[in-house]
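Structure assessment
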Amino acid sequence: MTAKIDLYFPKFAQYLASDLNPPILSRLAALGAWQVDKAQPIEMTLCETLGLRKSQDWPLAAYTRLGEGLDVNKGSYLIVHPAYFALQRDHFVYGQSLLLESGVSGQLVRLLNNHFAGEGLYFERSKDPAIWYLQSETPLNVQTTLPAQVLGRDVRGLMPQGTDALRCQTILNQVQMLFHEHPVNQMREVVEQVPVNSIWLSGCASADDIKPVYLTKKWQIFANDLLVNGLAKNAKQACYVLPKNWQGLMDSLTADEDALVVVDHGDFLEASWFEPMWASLKKAEVKEVRCHFAVDGMRFTLTLHPRDKWKFWRTAHPLMDYLSIAYDQADGSHR
């Protein structure tokens with residue numbers, strides 16, 4: 001029998017946007033136990049699980065670069081999220097992070113590097129089309145907020161904090177002016193896409209933040225995520241490519257070893273993951289499954305065991321009901 005499996009769904013909000021009441025997951029939600037951590041997003045849970053602790057900031061930029069084989073040299077690094085800020089009456093809210101085409105991303109990065117060339121700042125593209133990197137030759141002391149924690153909220157109180165906060169704010173202001181009415185955004189307007197009108201900075205890190213970690217627990221790790229790859233590499237643990245579905249995962253697992261799995265897509269989760277997962281649990285092929293869902297910068301966890309199949313008297317309600325109950329119960333679970 002496979003031991004325990006922790007499944008992380010960082011793009012669960014995308015899944016909810018397409019279906020607020022998925023029938024299989026709603027049924028599982030009625031049978032399992034819920035917990036919620038309002039203060040800690042999934043990324044932080046993954047960091048702590050794989051041995052990383054917060055320093056001045058969560059040093060995500062360093063480990064994400066490590067995950068794709070890039071160097072971390074002098075100065076500081078930040079993760080850059082191309083973004084759309086939506087104008088309200090007297091403030092901006094973080095509308096969404098943007099996934100840009102390669103050509104568009106290249107144009108904007110070249111624009112930024114030409115502008116900031118004399119300021120010791122260098123922008124760099126990533127293998128992940130959703131992010132870039134920013135290197136500052138001068139070390140920065142800031143604490144940042146993840147985009148998931150800012151989404152749909154007023155950005156004013158969530159900007160980088162610390163002694164170099166003004167420096168980061170100045171960078172953002174200059175980027176916004178450079179992007180305003182840029183040909184890229186004019187073209188996006190023609191095809192009715194939201195403009196790339198800002199960036200968001202997170203995960204400030206330096207080379208000093210990369211420190212060897214020796215975990216007391218060995219995981220079977222499956223993830224395409226660059227951050228998880230970097231964390232696993234630093235902990236000297238293998239990180240395997242994420243299988244396409246639950247059955248592919250089961251075929252890849254070693255018996256009696258716990259698994260950590262990051263499902264980095266938000267499509268077809270019912271058929272590919274939740275339905276066959278429940279079938280495995282009912283046949284007692286797995287001792288325990290914990291599903292960690294990213295919702296509004298919080299982590300919602302649904303724990304399921306083979307014995308839950310006997311809770312046939314429980315009636316399934318809309319999934320959002322269970323998320324609301326978990327949110328309202330500060331101490332964790334409902335049964």
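**Regarding the confidence of the model for the protein**
With 98% of its residues at a pLDDT of 70 or more, the protein has an overall mean of 92. Per-element confidence in the protein is highest for strand 6 (residues 132–136), whose mean pLDDT is 98, and lowest for helix 1 (residues 12–18), whose mean pLDDT is 81.

**Quick look at the layout of surface pockets**
Looking at the largest pocket, its volume works out to about 1500 Å³. Along the walls of the largest pocket sit 46 residues, with Pro10, Lys11, Glu43, Ser97 and Ala130 positioned nearest its centre. There is about 260 Å³ of room inside the second largest pocket. Lining the second largest pocket are 13 residues, with Phe179, His180, Glu181, Pro195 and Asn197 positioned closest to its centre.

**Overview of the pattern of salt bridges**
Using the criterion set out here, one finds 8 salt bridges in the structure. For the salt bridge of Lys311 with Asp308, the shortest nitrogen-to-oxygen distance reads 2.7 Å. For the residue pair Lys311 and Asp308, the accessibility class agrees, reading buried in each case.

**Re helix 5 (residues 102–116)**
Given a rise of 1.5 Å per residue, 15 residues ought to cover 21 Å, and the 21 Å separating the end C-alpha atoms of helix 5 matches this to within 8%. Within the span of helix 5, buried status applies to Val104, Ser105, Gly106, Leu108, Val109, Leu112, Asn113 and Phe116. The elements touched by buried residues of helix 5 are strand 5 (121–125), strand 6, helix 7 (165–179) and helix 8 (183–190).

**Comments concerning the sheet that holds strand 9 (residues 239–240)**
Spatially, the 7 strands line up as an open sheet ordered 2-12-11-1-10-8-9, and their pairing is mixed. Each edge of the open sheet carries a strand with a single partner, namely strand 2 (33–37) and strand 9. Across 7 bridges, the pairing between strand 1 (residues 2–9) and strand 11 (residues 286–295) is parallel. The residue of strand 11 that forms the bridge with Ile5 is Val289. On the sheet, helix 11 (residues 269–282) packs against strand 1, strand 10 (259–262), strand 11 and strand 12 (298–304) and is oriented at approximately 150° with respect to strand 11.

What counts, and where the lines are drawn
- Residues numbered from 1 in each chain as written.
- Predicted model: local features only at pLDDT ≥ 70, side-chain atom pairs only at ≥ 80, totals over all residues.
- Heavy atoms only, no water.
- pLDDT = per-residue confidence, 0-100.
- Helix = DSSP H or I, 4+ residues; strand = E, 2+ residues; numbered from the N terminus.
- 1 Å grid on protein atoms, 1.4 Å probe; cavity = no way out; pocket = protein on both sides within 12 Å on 5 of 7 lines; lining within 4 Å.
- Points joined across faces, edges and corners; volume = space filled by probe spheres on them.
- Salt bridge = Lys/Arg side-chain N within 4 Å of Asp/Glu carboxyl O.
- Buried < 20%, exposed > 50% of the residue type's maximum accessible area, 1.4 Å probe, protein only.
- Expected span 1.5 Å × (residues − 1).
- Contact = heavy atoms within 4.5 Å.
- Pairing = 2+ DSSP bridges.
- Axes fitted to C-alpha atoms, helices over the stretch in contact; angles between N-to-C directions.

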